[in-house]
Amino acid sequence: MSFPLVILAAGLSSRYGHLKQLDPLGPSGESIMAYNMYDAARAGFDRFIIVTRPEIEMQIREHISAIIGNRFPVDYVYQTLDNIPEPPVLSPSRKRPWGTGHAVICATPHIDDSFAVANADDLYGTEAFRGLFEGMHHSPKNPVLVAYRLEQTLSEYGGVNRGVCVIDEKGLLVEISEFSEVRETKFGITGKDATGRVASLSKETLVSMNLWGLTKSFLGNMEDVFVEFLRKNQGDISSEFFLPDAVSIQVKTGAVEVDVVETEGEWLGVTFPSDREQAVRLLERKVEKGYYSTSLATDFKGPLI
């Protein structure tokens, strides 16, 4: 049994300044997205669905084709403001995408059964994808979340958003809450909850970086939740339908149980322009240690081990 990986690559990269999805960070100009595809393929994922925007699709197609060739099937789908069920009257001022939950829904036509989800601009590592693949095999009826310790996921250059998880004694997700402006301060790690209140967070806290294994039934329920979201927020130009919020709603209502797989793997993300140099250095170290060669296109042509 294998699963497709849905890659969320429609973001605006507003804080980064240019497209994170295609930033050439590797020694031969590879993007984080391409490294994720390689690590996912080594873990056992054998098909990719890239959710993007019409205006950047061709750039992404050319980049991915140059690296992976015809090794794996890749489908492209659009996340656009009007790609929604039961279209309400939309605000003409709305420019932002509807969020990561909506991005996953856009991939529905290409999903037949269980599937995985990853961000295009977070480097998760081989260990994380292997943990996800094994978790999906062991729990085929339940969604699976790969979680990182909070201290592994911070930026030196500014506050970031993180989905803070509460896990029960059985290793199931109890709750996931979105925190913004999460950063290291002289008082420890702090972040703002949904009400704007500043809270202290433990460095050991498990957080979601949007690496999920999801099911077809979960997707159907999420579409219903999204319709209700649109009804309440159709005139709002900034509200987004985040995937962690969609999961949390189904957990609280008892519609799903979510197994949590903790990973010790090294994570890297780029949120701010200053994160770029750190990302380049990390990839250089991984090449030196033999995780990748100096050409990911060459790696894709060889055995995936």
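About the criteria used
Residues numbered from 1 in each chain as written. Predicted model: local features only at pLDDT ≥ 70, side-chain atom pairs only at ≥ 80, totals over all residues. Heavy atoms only, no water. Helix = DSSP H or I, 4+ residues; strand = E, 2+ residues; numbered from the N terminus. Rg over C-alpha atoms; globule rule 2.2 N^0.38 Å. Areas by Shrake-Rupley, 256 points an atom, 1.4 Å probe, with all protein chains shown as cover. Buried < 20%, exposed > 50% of the residue type's maximum accessible area, 1.4 Å probe, protein only. Axes fitted to C-alpha atoms, helices over the stretch in contact; angles between N-to-C directions. Parallel < 35°, antiparallel > 145°, perpendicular 65-115°, else oblique. Left-handed = near helix turned anticlockwise from the far one by under 90°. Contact = heavy atoms within 4.5 Å. Nonpolar A, V, L, I, M, F, W, Y, C, P; charged D, E, K, R; others polar. Polar contact = N/O pair within 3.5 Å; in protein donor to acceptor, adjacent residues only side chain to side chain. Salt bridge = Lys/Arg side-chain N within 4 Å of Asp/Glu carboxyl O.

Provide a residue-level description of the overall build of the protein chain, including the pertinent values.
A tally of helices and strands in the protein chain yields 8 helices and 13 strands. Expected size for 305 residues packed as a compact globule is a radius of gyration near 19 Å; at 18 Å, the protein chain falls within 12% of this value. Projecting the C-alpha coordinates of the protein chain onto the three principal axes gives extents of approximately 50 × 45 × 40 Å. For the protein chain, the computed accessible surface area is about 13700 Å², with 49% contributed by carbon and sulfur atoms.

Residue-level account of helix α6 (residues 243-252), with values.
Within α6, 7 of the 10 residues are buried, leaving the element largely enclosed by the surrounding structure. Turning to α6, its buried residues number three or more, namely Leu 243, Pro 244, Ala 246, Val 247, Ser 248, Gln 250 and Val 251. Phi for Gly 254, located one or two positions after α6, is positive at around 80 degrees.

I'd like to hear about the packing of helix α1 (residues 32-43) against helix α2 (residues 57-68), residue by residue, with values.
The interhelical angle for the contact between α1 and α2, taken along N-to-C directions, is 45 degrees, at an axis separation of 10 Å. In terms of their interaxial angle, α1 and α2 are classed as oblique. Where α1 crosses over α2, the handedness of that crossing is right-handed. Between α1 and α2, the residues in contact are Met 33, Ala 34 and Met 37 and Ile 60, His 63, Ile 64, Ile 67 and Ile 68, respectively. Across the contact of α1 with α2, the residue classes break down as 7 nonpolar, 1 polar and no charged.

Run through the side chain of Arg 42, naming residues and quoting values.
Along the polypeptide, Arg 42 turns up in helix α1. Only 2.9 Å separates the side chain of Arg 42 from the side chain of Thr 126, close enough to count as a polar contact. Polar contacts involving the side chain of Arg 42 include one to the main-chain carbonyl oxygen of Tyr 291, which spans 3.5 Å. Once you skip the residues sitting within four places of it in the chain, Arg 42 turns out to touch Thr 126, Arg 130, Tyr 291, Tyr 292, Leu 304 and Ile 305.

Describe the pattern of salt bridges, and please don't skip the residues or the numbers.
For side chains bearing opposite charge, pairing can occur when the charged atoms are close. This structure, assessed with the given rule, holds 18 salt bridges. When the shortest N-O distance is used, the salt bridge between Glu 266 and Arg 285 registers 3.7 Å. With Glu 266 in the loop between β12 (259-262) and β13 (268-269) and Arg 285 in helix α7 (residues 275-288), the pair connects residues that are 19 residues apart, well separated along the chain. Classification of Glu 266 as partly exposed rests on a relative accessible area of 41%. Its relative accessible area of 37% is what places Arg 285 among the partly exposed residues. Several salt bridges converge on common partners, so that one network encompasses Arg 149, Glu 151, Glu 204 and Glu 264.

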